[in-house]
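Summary of the model geometry
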Amino acid sequence: MRSYQNLIGGEWVSAQSGQTFTNLNPADTREAVAQYPQGGRADALAAIAAAQTAFPGWAAQTSVARGRVLSKAAQLVEARKPELAELLTREEGKTLAEATGEVQRTADIFRFFGGLSYVLGGQTIPHDLPSQLLYTRREPLGVVALITPWNFPIAIPAWKMAPALVTGNAVIIKPASQAPALTCELAKILAEAGLPKGVLNVVIGNGREVGGELAANPGVVALSFTGSYSVGSQIYQQLAPRMARAQMEMGGKNPTIVLADADLDLAARLVAIAGFGLTGQACTATSRVIVEQSVAEAFAAKLIEKARALIVGNGLKHGVTMGPAVSQAQLEGNLNYVQIAQQEGASLLCGGERLTDGDLAHGYFMQPTVLGNVKPTARIACEEVFGPVIGIIPVAGFEEAIAVANSVDVGLSASLVTRDFKKAMLY
Ligand code: NAD
């Protein structure tokens, strides 16, 4: 079992409470993956102070010098790709192929922002008066906090850290407790790449306490959050009164519309990838398919075939195409939604059960699930599940499909499968 600590002012330290917690492999809970500090408010305060101390020196460097650190980090991530991907799979559960793609993306993000350091200038803007020079310059903001979810445990920390760092800010990151290992590994890599002490601080711990302090503390001038709608809206309300800069990336209830003229094989393939890939644990995962009534049955049959062809298991095993839910709570939530959907009139077309055969009994596995005859107002059609559960909503035609797609509070991404280019470009 690995052991990680918090990173404050360049030192790896225990939580001030002395408390720890341990993460188990969601594909096999007999394996303890890593132990972590259970940080709280005091640790967040220490990190803010360390970041404030480190900020002036980092801000004084040129963006090109800062970019060199990121470019070097990109090389180091790439060199460790197999090991980082395996750790990601062990802790979060996605398949090794999915994890490898995420680690590669992380290297690409660092490389991109390293390159961007050469063009981080400003603008000159024409003035309406003579002899005036009007221009903008990009300046570092100060201490920036990042709060991240567990579902992309290396790419999301990277795509928040890299722009914040290259523009000269000092950073505190609070990764989700379900999967903090990759954030710690990134911090080690950045230190090896030359990032000065205190410029990046990592505080692992309770969301309400650590995240709450980062959101409320006036020393934090900007906060970038990715996670659920409920937590994000709460943080936004904490930031607004002091007009701190806020970036909120939250959940969705993503529709794919399938029209009667669509290639149904293509539609089923796209929906299966988008809905069951990453075990449905993606903010942009397709979770409702709005299908023209005349092809709903034929489409459902093709999607069921795709669902049944998936091989569910430990993502480290060759041939496995769908891993477990990240946690017992997430698995129970998924299965609960399947029950609720049926109580609200949906028909269970395939899946819907926990998988417990052999070694699967030690993990949080469930069958990829397809529900038919879902009503647009049912909870399964409106609330984010964040698991491999797809609901099919039959509609009379194109206009109704668009109305249903737009009828939820948490739209994020949307897709349309049709051969009619005019309809595809209408909205
Ligand atoms: P979550 O909201 O439960 O947690 C996100 C982060 O917030 C974690 O680090 C958590 O510890 C912290 N947190 C929890 N309570 C807090 C509080 N009161 N104050 C401050 N911080 C707090 O989300 P999750 O379960 O980790 O991630 C899944 C969610 O993230 C889904 O809703 C998904 O759609 C969303 N997501 C969105 C995007 C996007 O780009 N839009 C990308 C990935 C995930």
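Residues numbered from 1 in each chain as written. Predicted model: local features only at pLDDT ≥ 70, side-chain atom pairs only at ≥ 80, totals over all residues. Heavy atoms only, no water.

**Description of the site of the ligand**
Lining the immediate surroundings of the ligand are 27 residues, of which Thr148, Lys174, Ser228, Met250 and Glu384 lie closest. Note that an oxygen atom of the ligand is positioned 2.8 Å from one of the backbone N or O atoms of Thr148. A distance of 2.6 Å is found between an oxygen atom of the ligand and a side-chain nitrogen or oxygen belonging to Glu384. For the ligand, the protein covers 87% of the area, taking 840 Å² as the surface of the free molecule. Among the cavities detected, the one that contains the ligand is the largest pocket. (Near = heavy atom within 4 Å. Polar contact = N/O pair within 3.5 Å; in protein donor to acceptor, adjacent residues only side chain to side chain. Areas by Shrake-Rupley, 256 points an atom, 1.4 Å probe, with all protein chains shown as cover. 1 Å grid on protein atoms, 1.4 Å probe; cavity = no way out; pocket = protein on both sides within 12 Å on 5 of 7 lines; lining within 4 Å. Sits in = over half its atoms within 2 Å of the grid points.)

**Brief notes about the packing of aromatic side chains**
By convention here, two paired aromatic rings are described through the distance between centres and the angle between planes. What the rule picks out here adds up to four aromatic pairs. Taking 5.4 Å as the distance between ring centres and 80° as the angle between the ring planes, the aromatic pair formed by Trp150 and Phe386 counts as edge-to-face. Of this pair, Trp150 sits in the loop between strand E6 (143-147) and helix H5 (155-166) while Phe386 sits in the loop between helix H12 (379-382) and strand E15 (389-395); the two residues are 236 residues apart in sequence, bridging distant segments of the chain. The same class applies to Trp150 as to Phe386, namely buried. Here the aromatic cluster, defined as three or more aromatic residues joined through ring pairs, consists of Tyr4, Phe21 and Tyr36. (Phe/Tyr/Trp six-rings, centres within 6.5 Å; stacked < 30°, edge-to-face > 60°. Helix = DSSP H or I, 4+ residues; strand = E, 2+ residues; numbered from the N terminus. Buried < 20%, exposed > 50% of the residue type's maximum accessible area, 1.4 Å probe, protein only.)

**A short note on the nonpolar core**
By size, the foremost hydrophobic cluster in this structure holds 50 residues, and its most contacted members are Phe110, Met161, Leu165 and Leu190. Looking at this core element by element, the count peaks at seven residues for helix H6 (residues 181-192). Beyond its immediate chain neighbours, meaning those up to four positions away, Met161 contacts Phe110, Leu146, Ile173, Thr183, Leu186, Leu190 and Leu200. With 28 residues, the next largest nonpolar core counts Leu264, Ala272, Val295 and Ile392 among its residues. (Core = buried A, V, L, I, M, F, W, Y, C linked by side-chain atoms within 4.5 Å. Contact = heavy atoms within 4.5 Å.)

**So, the pattern of salt bridges**
Applying the stated rule across the entire model yields 18 salt bridges. The partner of Asp420 in a salt bridge is Lys423, and the shortest N-O contact between them spans 3.9 Å. Taking relative accessible area as the criterion, Lys423 reaches 30% and is therefore assigned partly exposed. A network of salt bridges, in which partner residues are shared, links Arg2, Arg80, Glu83, Glu185 and Lys188. (Salt bridge = Lys/Arg side-chain N within 4 Å of Asp/Glu carboxyl O.)

**A few points about unusual backbone geometry**
Glycine aside, negative phi is the norm for most residues, and most peptide bonds take the trans geometry. The residue Ser131 is not glycine, and still its phi comes out positive at about 60°. As for its position among the elements, Ser131 is in the loop between helix H4 (96-116) and E6. The phi dihedral of Asn373 is positive, around 55°, even though this residue is not glycine.

Just geometry here; none of it tells us what the structure is for.
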